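# Overview (structure and organization)
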Amino acid sequence: MQRDIDLAAVSDGRLYTSRDMARIGCHDCAGCFDCCRDMEDTIVLDPYDMWRLCGGLKDSFDGLNGKAYELVLTEGLVLPHLKNTAVDGRCIFLNEEGRCRIHAHRPGICRLFPLARIYDGDDFKYFIQVNECPAAGKTKVRIEKWLETPRIRDYEAWLSRWHNLTRRSREVLAAVDPSSPSAQQMIMLILTLFYQRIIPGLDFYEQFDKAAATLEKLLTELGS
């Protein structure tokens, strides 16, 4: 989710790379799950999240609709958001002890917290959201270890590409009639290409590259 922020008000004033150490270790949460409730619809699932979630739960994008996620209009695009319960808005995957039932294949936003990303062109940096996690006595952890994501350099390069692709999609959509067939086609194409057709068990990045080429062609046509 893209948003405008005052970095000085929400961070420790530093920007980090994944190779850096940051004071974010929270002692395995020590039974705390504050970040997993009052979620509303803030956990947007990107294509890599969905690929990882479908593989971990051994289900398809369509099969998890309504069970793991709900489709929500997000800044002009229809994207899946992690589902939560009616009880204090907690994540549907929390067990009775407040522990994550999908921890091994949890979404990227969950892995990132209490970090966030700030983008600058084709690059981004991490920063600590100092007002988000209540845990005291945090320890230093290397960020790439904290994220627990294989092929971290490929993943980070992909994040930048996905960020720019969705940004460009929103720009193109903002310039056309949102109810037009071409706009509706693009909105549905993003869901189809990057979520429905991404197959668990096959290389994610190869599949994404093919899908991106199709969308980029459409964006060029609509933007011309």
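This text follows the structure it describes.
Residues numbered from 1 in each chain as written. Predicted model: local features only at pLDDT ≥ 70, side-chain atom pairs only at ≥ 80, totals over all residues. Heavy atoms only, no water.

Direction vectors running N to C along helix 2 (residues 47-57) and helix 8 (residues 204-223) enclose 135°, while the axes themselves pass 11 Å from each other. Comparing their axes, helix 8 and helix 2 come out oblique. As for the relative orientation of helix 2 and helix 8, their crossing is right-handed in sense. Counting all contacts with helix 2, which are made through Pro 47, Tyr 48 and Trp 51, the residues of helix 8 involved are Phe 204, Tyr 205 and Gln 207. (Axes fitted to C-alpha atoms, helices over the stretch in contact; angles between N-to-C directions. Helix = DSSP H or I, 4+ residues; strand = E, 2+ residues; numbered from the N terminus. Parallel < 35°, antiparallel > 145°, perpendicular 65-115°, else oblique. Left-handed = near helix turned anticlockwise from the far one by under 90°. Contact = heavy atoms within 4.5 Å.)

Let's shift gears to the nonpolar core. Note that soluble globular proteins tend to have their nonpolar side chains buried in a common cluster. Counting 59 residues, the largest nonpolar core has Trp 158, Phe 194 and Leu 215 as the members making the most contacts within it. Considering every element that reaches this core, the biggest residue donor is helix 7 (residues 181-196), with nine residues. Residue contacts for Leu 215: discarding those within four places in its chain leaves Leu 165, Ser 169, Met 186, Leu 189, Ile 190, Leu 193 and Phe 194. (Core = buried A, V, L, I, M, F, W, Y, C linked by side-chain atoms within 4.5 Å. Buried < 20%, exposed > 50% of the residue type's maximum accessible area, 1.4 Å probe, protein only.)

Let's shift gears to the packing of aromatic side chains. Following the criterion strictly, the structure yields 20 aromatic pairs and no others. With centroids separated by 5.2 Å and ring planes inclined at 45°, the aromatic side chains of Tyr 48 and Trp 51 adopt a geometry described as tilted. Placement of both Tyr 48 and Trp 51 in helix 2 is noted, with a separation of three residues, approximately one turn of the helix. Residue Tyr 48 is classed as buried on the basis of its relative accessible area of 4%. Members of the aromatic cluster, each reached through a chain of ring pairs, are Tyr 48, Trp 51, Phe 61, Tyr 69, Tyr 155, Trp 158, Trp 162, Phe 194, Tyr 195, Phe 204, Tyr 205 and Phe 208. Over the face of the ring belonging to Phe 124 we find Arg 117, whose NZ or CZ atom lies 5.8 Å from the ring centre. (Phe/Tyr/Trp six-rings, centres within 6.5 Å; stacked < 30°, edge-to-face > 60°. Lys NZ or Arg CZ within 6 Å of the ring centre and 35° of its normal.)

Going from Phe 113 to Pro 114, the amide bond is cis rather than trans, its omega being 10°. Although it is not a glycine, His 27 sits at a positive phi angle of roughly 60°. Looking at where His 27 falls in the secondary structure, it is placed in the loop between strand 1 (21-25) and helix 2. Positive phi values are uncommon outside glycine, yet Glu 75 reaches one of about 50°. Along the chain, Glu 75 turns up in the loop between strand 2 (69-74) and strand 3 (77-82).

Let us now look at the pattern of salt bridges. One pass over the structure, following the stated rule, counts 15 salt bridges. Glu 70 serves as the salt-bridge partner of Lys 83, at 2.9 Å between the closest nitrogen and oxygen. Highlighted residues: Lys 83 in the loop between strand 3 and helix 4 (108-112) and Glu 70 in strand 2, separated in sequence by 13 residues. The residue Asp 209 makes a salt bridge to Arg 161 at a minimum N-O spacing of 2.7 Å. Here Arg 161 lies in helix 6 (residues 152-174) and Asp 209 lies in helix 8, a separation of 48 residues in the sequence. Judged by its relative accessible area of 38%, Asp 209 falls in the partly exposed class. Each member of the salt-bridge network shares a partner with another, and the members are Glu 144, Arg 153 and Glu 156. (Salt bridge = Lys/Arg side-chain N within 4 Å of Asp/Glu carboxyl O.)

Here Asn 164 is to be found in helix 6. Among the polar contacts made by the side chain of Asn 164, one reaches the side chain of Asp 122 at a distance of 2.9 Å. Contact partners of Asn 164, with chain neighbours within four places excluded, come to Gly 121 and Asp 122. (Polar contact = N/O pair within 3.5 Å; in protein donor to acceptor, adjacent residues only side chain to side chain.)

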